[in-house]
Amino acid sequence: MQETVVIIGAGQAGAQVAQSLRQGNFEGPIRLIGDESNAPYQRPPLSKKYLLGEVAPEGLLLRPPAFYSTQNIDLIPDTRVEGIDRAAKRIVLANGDSISYDKLVISTGTRARQAPLPGADLDGVVTLRTIADVDGIRERLLAGQNVVIVGAGYIGLEVAAVARQLGKDVTVVEAQDRPMKRVVSPFISDFYCALHTENGVSLRLGTGVEAITGDGKVSAVKTADGASIAADLVLVAVGAEPNDELAEAAGLETDNGIIVDGAGLTSDDHIYAAGDCTRFFSNRYGRSVRMESVQNAIDQGKVVAQSILGEDVDYDPLPWFWSDQYDVKLQIAGLSDGYDETRTVGEPKDHKFYVAYLKAGQLIAVDSVNSPRSHMMARRVIGEPWREGLLPEVA
Ligand code: FAD
């Protein structure tokens, strides 16, 4: 008898699992269930070219909609899964229907973290995760002049860049002392401070937001240091939280993410998980990690498909990531925390350089700015002892 695979979450990871199963000649039914209306799509352009208006919605799709029917993948949009009955091996939908599985994959991603701030429910205060979010944001962005972004992570800064390109007055308020603190070194943070300042963004670092004010509709943001900043639109971009509640309620092991092993298997032998919603132990880094990146969603999705197909796999990736702001592409390979030495090659003032991070003489990470060759090479040589010529010169 052919097994049925049910996938909860029709995003980057879920679509990858379905696609890789078919590529691996899996012949059983595949049900790919998502609560959004669109066929699976890529999120990175949402805060970049899609918000800028340079990409149409169809341009975001990972595959043309017809792909799923030709591959005999039963794509079920607009459908929220409310529960997992592990004993009966079935999932329960919001409308009360249930669907049986032999193997279940949870790829529910993350959601934008909400800020528990007075005024966060005012009209014009938004978060960004989906196409629908960006459609609303773009309309407001075009209509107003004053944009305040709470949080200087990569999404907040990408939106700041787009808003400046659209001629808006932009203020970014960040409680930490430097932008993108969670993912880049102080050197790269300094570069991005200068880049945004040169482009006319007002960066207010080291100060929190006390309240968002307005009468029904947002009109200002009050910061902890006593400033009041006019706002027609406030984007709250303070990170993401894993959608792991379904798994937790079903009694699966979770810890700010669904715990999986190197095969993508959860604490239930019939249930796998992939993408942003997972946490796994990395031997490479000697600790458990939860990654929010396209690289992880794709690679872990492939691993889960391989596991379901009976292959022996052990996922321990070299993480990589990118961010586009203005005409500057940052590409990150590896995790730089814990470095004890850096090498900078190229000139930050030319917007073309890279920073190599070493720990005990070994290359552990490289941040490349408009330097794609060093990024591609870094992905091959991270882990090796540092030596001259290990990475290319910046052309
Ligand atoms: P998702 O793509 O989020 O898919 C999960 C899906 O599951 C969603 O459609 C969700 O609605 C659905 N779902 C959740 N719960 C349920 C339920 N109970 N029932 C049914 N469906 C459910 N990464 C990079 O590497 N580079 C970038 O430049 C970059 N830029 C980004 C910009 C933005 C604005 C955002 C939001 C993300 C960006 N990312 C970037 C991160 C990247 O998009 C994610 O890591 C990736 O989408 C994760 O894939 P996923 O399948 O795990 O989750």
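Quick caveat: nothing in here was measured; it's all calculated off a predicted structure. (Residues numbered from 1 in each chain as written. Predicted model: local features only at pLDDT ≥ 70, side-chain atom pairs only at ≥ 80, totals over all residues. Heavy atoms only, no water.)

A word on the pairing of strand β5 (residues 90–93). Because side chains alternate across β5, one face comprises the buried residues I91 and L93, and the other comprises R90 and V92, none of which is buried. Sheet topology places strand β4 (residues 81–85) next to β5; 4 bridges connect them, and they run antiparallel. Residue pairing in the sheet places I84 in a bridge with I91 of β5. Taken together, the 3 bridges between β5 and strand β6 (residues 98–100) define a ladder with antiparallel strand orientation. From the neighbouring strand, R90 faces β6, where its bridge partner is S100. From the end of β5 to the start of β6, which pair antiparallel, there are 4 residues, and G96 there has a positive phi angle of about 95°. (Buried < 20%, exposed > 50% of the residue type's maximum accessible area, 1.4 Å probe, protein only. Helix = DSSP H or I, 4+ residues; strand = E, 2+ residues; numbered from the N terminus. Pairing = 2+ DSSP bridges.)

Not every one of the 32 residues close to the ligand is listed here, only the nearest: D35, E36, K48, R129 and D276. In this structure, S293 approaches the ligand through a main-chain N or O atom, which is 3.0 Å from an oxygen atom. In this structure, W322 approaches the ligand through a main-chain N or O atom, which is 2.9 Å from an oxygen atom. Here the ligand has 1,000 Å² of accessible area as a free molecule, and 97% of this is covered by the chains. Residue classes in the shell around the ligand are distributed as 12 nonpolar, 12 polar and 8 charged. Split by domain, the residues of the shell around the ligand number at least three in each of domain 1 (5–111 + 240–308) and domain 2 (114–236). (Near = heavy atom within 4 Å. Polar contact = N/O pair within 3.5 Å; in protein donor to acceptor, adjacent residues only side chain to side chain. Areas by Shrake-Rupley, 256 points an atom, 1.4 Å probe, with all protein chains shown as cover. Nonpolar A, V, L, I, M, F, W, Y, C, P; charged D, E, K, R; others polar. Domains from an automatic or database assignment.)

Before going further, it helps to spend a moment on the domain arrangement of the chain. According to the domain assignment, the chain contains domain 1 (5–111 + 240–308), domain 2 (114–236) and domain 3 (327–381). Distance between the C-alpha centres of domain 1 and domain 2: 30 Å. Tallying the contact residues gives 16 residues for domain 1 and 17 residues for domain 2. At the boundary of domain 1 with domain 2, total buried surface from both sides reaches about 1,500 Å², with 60% on carbon and sulfur atoms. Of all residues in domain 1, the largest losses of buried area upon contact with domain 2 belong to S47, L51 and L52, amounting jointly to 41% of the total for that side. Between the two partners, domain 1 and domain 2, sit 2 salt bridges. Viewed at the interface, domain 2 and domain 1 are joined by 9 residue pairs in polar contact (both at pLDDT 80 or more). Elements with a minimum of two residues in the side of domain 1 that touches domain 2: α2 (49–52) and β8 (110–112). Residue contributions to the side of domain 1 that touches domain 2 peak at 3 residues, all from α2. Of the residues in the side of domain 1 that touches domain 2, the class split is 6 nonpolar, 4 polar and 6 charged. (Contact = heavy atoms within 4.5 Å. Buried area = accessible area lost by both parts, 1.4 Å probe. Salt bridge = Lys/Arg side-chain N within 4 Å of Asp/Glu carboxyl O.)

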